[in-house]
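Letter by letter, the chains look like this.
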Amino acid sequence: MRMWFVFRFCCPAAQSNSNPEWEEKVLEYFRGQLKEKESLSWVPSLNDVPLHYLKPNSLVKFRCLVQDMFDPEFYMGVYETVDPSTKTNVLRCGKYKDVTECGVDLNSRNTVTAERQTFYCVPIPGESPWAKEISFLSSKNQARVVPSTSYVPSRQKRSYEEDDDDMDTQPQKQRESHTGGKFGTVNTLPRAGRPRQETEAPSSQTTAPSDCSSHLDLNFPLPGERGPACLVKVYEGLDSFKLNDTLEIYGILSVNPVLTVLGEEKDPSSLLLNPSESMESPEEQRAHDPPASLVPRLHMLYARPLQHNNPLLPSAPTEDQSAFVSSFLVEMASVRAELLAYLTHVLLGDGLAAEYLLLHLISNVYTRRDVLPLGKFTLNLSGCPLNSYTERLYQIIQQLVPCSYRLSMSLHTMNSMRLVPKKDYVANRLVSGALQLARNTSLFLDETQLEQGQLDSSGVRNITALGNLISWQKVDYDFSYHQMEFPCNINVLVTSEGRSLLPSDCQVPLQPHVTPPNMEEYLTTIHMAQFTSQMNKFRVYLSLARTLDYSISDEVTKAVEDDFVDMRKDDPQSVTAEDLHRMLVVARLLSLSLGQTTLSRDGWMRAKHIDMLRRSRTEQQKSLNGNEP
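Computed from a prediction, not measured in an experiment: that's the story for all the values here. (Residues numbered from 1 in each chain as written. Predicted model: local features only at pLDDT ≥ 70, side-chain atom pairs only at ≥ 80, totals over all residues. Heavy atoms only, no water.)

**A word on the overall build of the chain**
Reasoning step 1: Along the backbone of the chain there are 19 helices and 18 strands.
Reasoning step 2: Going through the 629 residues of the chain one by one, you find that 52% of them count as buried.
Reasoning step 3: Considering only residue pairs separated by 6 or more positions, the chain has 79% of its internal contacts joining residues 24 or more positions apart. (Helix = DSSP H or I, 4+ residues; strand = E, 2+ residues; numbered from the N terminus. Buried < 20%, exposed > 50% of the residue type's maximum accessible area, 1.4 Å probe, protein only. Contact = heavy atoms within 4.5 Å.)

**Considering the confidence of the model for the chain**
Reasoning step 1: Looking at the chain, the pLDDT average stands at 82 and 79% of residues meet or exceed 70.
Reasoning step 2: Overall, residues 1–18 carries pLDDT values under 50, and its contacts beyond four positions in sequence, including any with other chains, amount to 39 contacts.
Reasoning step 3: This model gives residues 149–183 a pLDDT under 50, and the stretch forms 78 contacts once residues within four places in sequence are excluded. (pLDDT = per-residue confidence, 0-100.)

**Re a nonpolar patch on the surface**
Reasoning step 1: There is a patch of nonpolar side chains on the surface, built from Val 371, Leu 372 and Trp 472 and spanning about 280 Å² of accessible area.
Reasoning step 2: Turning to its location among the elements, Leu 372 is positioned in strand β9 (residues 372–374).
Reasoning step 3: Looking at Leu 372, the relative accessible area reads 36%, which means it is partly exposed. (Patch = residues over 30% accessible without salt bridge, like charges linked within 9 Å, V, L, I, M, F, W, Y side chains within 5 Å. Areas by Shrake-Rupley, 256 points an atom, 1.4 Å probe, with all protein chains shown as cover. Salt bridge = Lys/Arg side-chain N within 4 Å of Asp/Glu carboxyl O.)

**Things to note about unusual backbone geometry**
Reasoning step 1: The phi angle at Asn 440 is positive, at roughly 70 degrees, despite the residue not being glycine.
Reasoning step 2: If you trace the backbone, Asn 440 turns up in the loop between β13 (429–431) and β14 (442–446).
Reasoning step 3: Assessed through its relative accessible area of 11%, Asn 440 is described here as buried.
Reasoning step 4: In the Ramachandran plot, Gln 473 falls in the positive-phi region, its phi being about 50 degrees despite a non-glycine side chain.
Reasoning step 5: Positionally, Gln 473 belongs in the loop between α14 (457–472) and β15 (474–478).
Reasoning step 6: Using a relative accessible area of 1% as the deciding quantity, one classes Gln 473 as buried.

**Considerations on the sheet that holds strand β17 (residues 491–495)**
Within a sheet, neighbouring strands are paired by backbone hydrogen bonds and run either parallel or antiparallel to one another.
Reasoning step 1: Strand order in this open sheet of five strands is β11-β14-β17-β10-β18, and the pairing throughout is parallel. Two strands lie at the open edges of the sheet, namely β11 (404–408) and β18 (506–509), each paired on one side alone. Across the sheet, the mean angle separating the axes of adjacent strands is 20 degrees when strand polarity is ignored.
Reasoning step 2: Note that strand β10 (residues 379–382) and β18 share four bridges and pair parallel. Across the sheet, residue Leu 381 finds its bridge partner in β18, namely Val 508.
Reasoning step 3: Sitting on the sheet, helix α12 (residues 389–398) is in contact with β10, β11, β14 and β17, with an inclination near 175 degrees to β14. (Pairing = 2+ DSSP bridges. Axes fitted to C-alpha atoms, helices over the stretch in contact; angles between N-to-C directions.)

**Examining the packing of helix α11 (residues 351–361) against helix α18 (residues 577–593)**
When two helices pack together, their arrangement is given by the angle between the helix axes and the distance between those axes.
Reasoning step 1: Interaxial distance between α11 and α18 falls to 9 Å at its minimum, and their mutual angle equals 85 degrees. Considering the angle they form, α11 stands roughly perpendicular to α18. Contacts between α11 and α18 involve Glu 355, Tyr 356, Leu 358 and Leu 359 from the first element and Val 586, Leu 589, Leu 590 and Ser 593 from the second.
Reasoning step 2: When the residues that make up the contact of α11 with α18 are grouped by side-chain class, the tally is six nonpolar, one polar and one charged. (Parallel < 35°, antiparallel > 145°, perpendicular 65-115°, else oblique. Nonpolar A, V, L, I, M, F, W, Y, C, P; charged D, E, K, R; others polar.)

**Considerations on the packing of aromatic side chains**
Reasoning step 1: On inspection of all chains with the given rule, the structure shows 11 aromatic pairs.
Reasoning step 2: Ring pairing ties together the aromatic residues Tyr 75, Tyr 96 and Tyr 235, which thus form one cluster.
Reasoning step 3: It is Arg 116 that lies over the ring of Tyr 75; its NZ or CZ is 4.4 Å from the centre. (Phe/Tyr/Trp six-rings, centres within 6.5 Å; stacked < 30°, edge-to-face > 60°. Lys NZ or Arg CZ within 6 Å of the ring centre and 35° of its normal.)

**Notes on the nonpolar core**
Reasoning step 1: Judged by nonpolar contacts, the single largest core of 65 residues is most densely connected at Leu 339, Tyr 342, Leu 347, Tyr 356, Tyr 389 and Leu 400.
Reasoning step 2: Residue contacts for Tyr 342: discarding those within four places in its chain leaves Ile 396, Leu 400, Ile 526, His 527, Gln 530 and Phe 538. (Core = buried A, V, L, I, M, F, W, Y, C linked by side-chain atoms within 4.5 Å.)

**Thoughts on the environment of Thr 413**
Reasoning step 1: Structurally, Thr 413 is set in helix α13 (residues 411–416).
Reasoning step 2: Classification of Thr 413 as buried rests on a relative accessible area of 18%.
Reasoning step 3: As for Thr 413 and Asn 462, which are separated by 49 residues in sequence, their C-alpha atoms are 9.7 Å apart.
Reasoning step 4: Residues in contact with Thr 413, not counting those within four places in the same chain, are Leu 407 and Ser 408.

**Observations regarding α18**
Because an α-helix completes one turn every 3.6 residues, residues spaced three or four positions apart along the sequence face the same direction.
Reasoning step 1: The terminal C-alpha atoms of α18 lie 24 Å apart, and with 17 residues this matches the ideal 24 Å at 1.5 Å per residue to within 8%.
Reasoning step 2: Taken across its 17 residues, α18 has 13 buried, putting it largely inside the fold.
Reasoning step 3: Where α18 ends, the next residue or the one after it, Gly 595, has phi of about 80 degrees, a positive value. (Expected span 1.5 Å × (residues − 1).)

**So, the side chain of Thr 81**
Reasoning step 1: Positionally, Thr 81 belongs in strand β2 (residues 73–82).
Reasoning step 2: At 3.4 Å, the side chain of Thr 81 and the side chain of Arg 92 are in polar contact. (Polar contact = N/O pair within 3.5 Å; in protein donor to acceptor, adjacent residues only side chain to side chain.)

**Examining helix α16 (residues 532–547)**
Reasoning step 1: Over its 16 residues, α16 extends 23 Å from the first C-alpha to the last, a length consistent with the 22 Å expected when each residue adds 1.5 Å.
Reasoning step 2: For α16, a buried count of 12 out of 16 residues is recorded, marking the element as mostly surrounded by other parts of the structure.
Reasoning step 3: Residues of α16 that are buried include every one of Gln 534, Met 535, Asn 536, Phe 538, Arg 539, Val 540, Tyr 541, Leu 542, Ser 543, Leu 544, Ala 545 and Arg 546, and no others.

**Focus on empty space enclosed by the protein**
It is the rolling of a water-molecule-sized probe over the atoms that shows where space remains empty.
Reasoning step 1: Counted according to the given criterion, the structure contains two cavities of 30 Å³ or more.
Reasoning step 2: Taken as a whole, the largest cavity encloses approximately 50 Å³ of empty space.
Reasoning step 3: Lining the largest cavity we find Pro 123, Ile 124, Lys 132, Phe 220, Pro 221, Glu 225 and Arg 226.
Reasoning step 4: By volume, the second largest cavity amounts to about 40 Å³.
Reasoning step 5: What lines the second largest cavity is simply His 360, Ser 363, Lys 376, Phe 377, Thr 378, Gln 473, Ile 490, Asn 491 and Val 492.
Reasoning step 6: Of the residues assigned to the lining of the second largest cavity, the class counts are three nonpolar, five polar and one charged. (1 Å grid on protein atoms, 1.4 Å probe; cavity = no way out; pocket = protein on both sides within 12 Å on 5 of 7 lines; lining within 4 Å. Points joined across faces, edges and corners; volume = space filled by probe spheres on them.)

**Details of the side chain of Lys 233**
Reasoning step 1: Positionally, Lys 233 belongs in strand β5 (residues 230–234).
Reasoning step 2: Non-local contacts of Lys 233, meaning those with residues more than four positions away in its chain, are made with Glu 73, Asp 98, Arg 116, Gln 117, Thr 118, Arg 297, Leu 298, His 299 and Met 300.

**Looking at the pattern of salt bridges**
Reasoning step 1: For the coordinates displayed, the defined rule picks out 22 salt bridges.
Reasoning step 2: Of the charged contacts in the structure, one is a salt bridge between Glu 127 and Arg 63, with a shortest N-O distance of 3.1 Å. With Glu 127 in the loop between β4 (112–123) and α4 (129–142) and Arg 63 in strand β1 (residues 59–69), this pair connects stretches of sequence that are 64 residues apart. You'll find Glu 127 and Arg 63 in the same group, each marked buried.
Reasoning step 3: The partner of Arg 336 in a salt bridge is Glu 355, with the nearest N and O atoms 2.2 Å apart. Here Arg 336, found in helix α10 (residues 332–346), pairs with Glu 355, found in helix α11; they are 19 residues apart in sequence, far enough to count as distant. Residues Arg 336 and Glu 355 agree in their burial class; the two are buried.
Reasoning step 4: Residues participating in the shared-partner salt-bridge network are Asp 579, Arg 582, Asp 611, Arg 614 and Arg 615.

Structure, rendered in structure tokens:
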């Protein structure tokens, strides 16, 4: 497969094929090729390759989260152009294009209006540096690209923020050069369905987009995130996509500079329309039509849902993945023992806390029964040393999981930060919040940073949102006039000095067995002692354990029920239905951590034992701290 085939696929000659089934055949061919593992070797990634190295109208992929879904837009699916020399009409296809060919016959009766959906997609929030690095090396070694010769930026590569800040410094003359000569037409109709003739640009555009009057908010959920956002044009299968889906999208890249110019200056022919009939505010136009140099367009050919974003594992269910899982299951127990020893050192010699942290890291909401998410296991690690311990602990966890985020629960952060996404009706977009995260993200809530003071109304809403996330694995997005529930699957770890103010499924007081004189040096030494190959084993282990199926036989179920009845006979007050549910979750996670997909009697007894040790420690902690709830 070579990139020139994509160019041929997009060219007018192919799209004007007399065979009406040409499009379905081409798409079927592409999807078949893209489902093969070899597709990694010839499709460059927007996540890893700078935009100016990619050729316009070439095939690229993008690993992303669907941050927002815009209203459907209309475009010219079929249109006619007039050859200026021969005056003959040629039928064209407008699919997978943002800009049409020159000489569009706007009065043609053969024009067919079609509809497509636009998704605003961002890189997966909180993706760990090691995951990005491995993906980048894979892309660098396999999908080799050279700087585009057909699209020449007017300046050297810059960051997205710098690019946006300098957009208004180009001379007006350069902007005006886009609107003269032979024109093409933007292939998008207004959302009300009325034809819109926009400012046109030369058919052979080589200069970069030129003007952006104010700072462009790329709407990343997490502060400090970098990378390309992308407007993804979707033509079919709309019902199969949802907000917050994580996808690997394959599509045709569109970065035509005319998209920026036309966002700033309208075609004089548009004056024929009544300006008062415009359905878009300036804020909405800016949010939905950002500069293509900052937010490229991607016309989707195929999208692969991501069960995970761990680049060390096969990304889709295939025969190769089955073989990979089978081979790794053989060493699950040994890798578990090594990881448990590592976590024990990190948790200052506390083996019980390390056991529970390991179980937490492989927990996963595997189904929902009514409103109850089954499988979640929020852990509160209390008794954590102050100063920099929790920050360093997060950095170590970040090295193990593909996605994570640490929320420092200081008073200022809780009162000022936006955690819940909110609908902006003026710009007609969903303004992201820090809880708009991909599934299986590890959320590290550092409660040791909370100082004395009063939460304002915003802080109270944020605490309530965190409580709902922990208890129900849902986030209530703010639509001003109402709230809309969005289910999620986020692993929440709460570190605190005493018992957390937030709810949790399990509290484990930390009992250090070592007291290093220099905590930072101690933890750094432990981490540096792990080889990269060993860390990769831990990363594969944690991701793989989450994906395993699990079941309980009728025989073991009956044994667990009988055991619970016996425990209640001995002391009805000490063992509740909630305790049984927690022990069943622990038993499930213990089995999966060993690579076992069914619960055994030994597994159930082990779960009872460590829960008894944990409860004994918790009761002891309560007796020492009488004021603790």
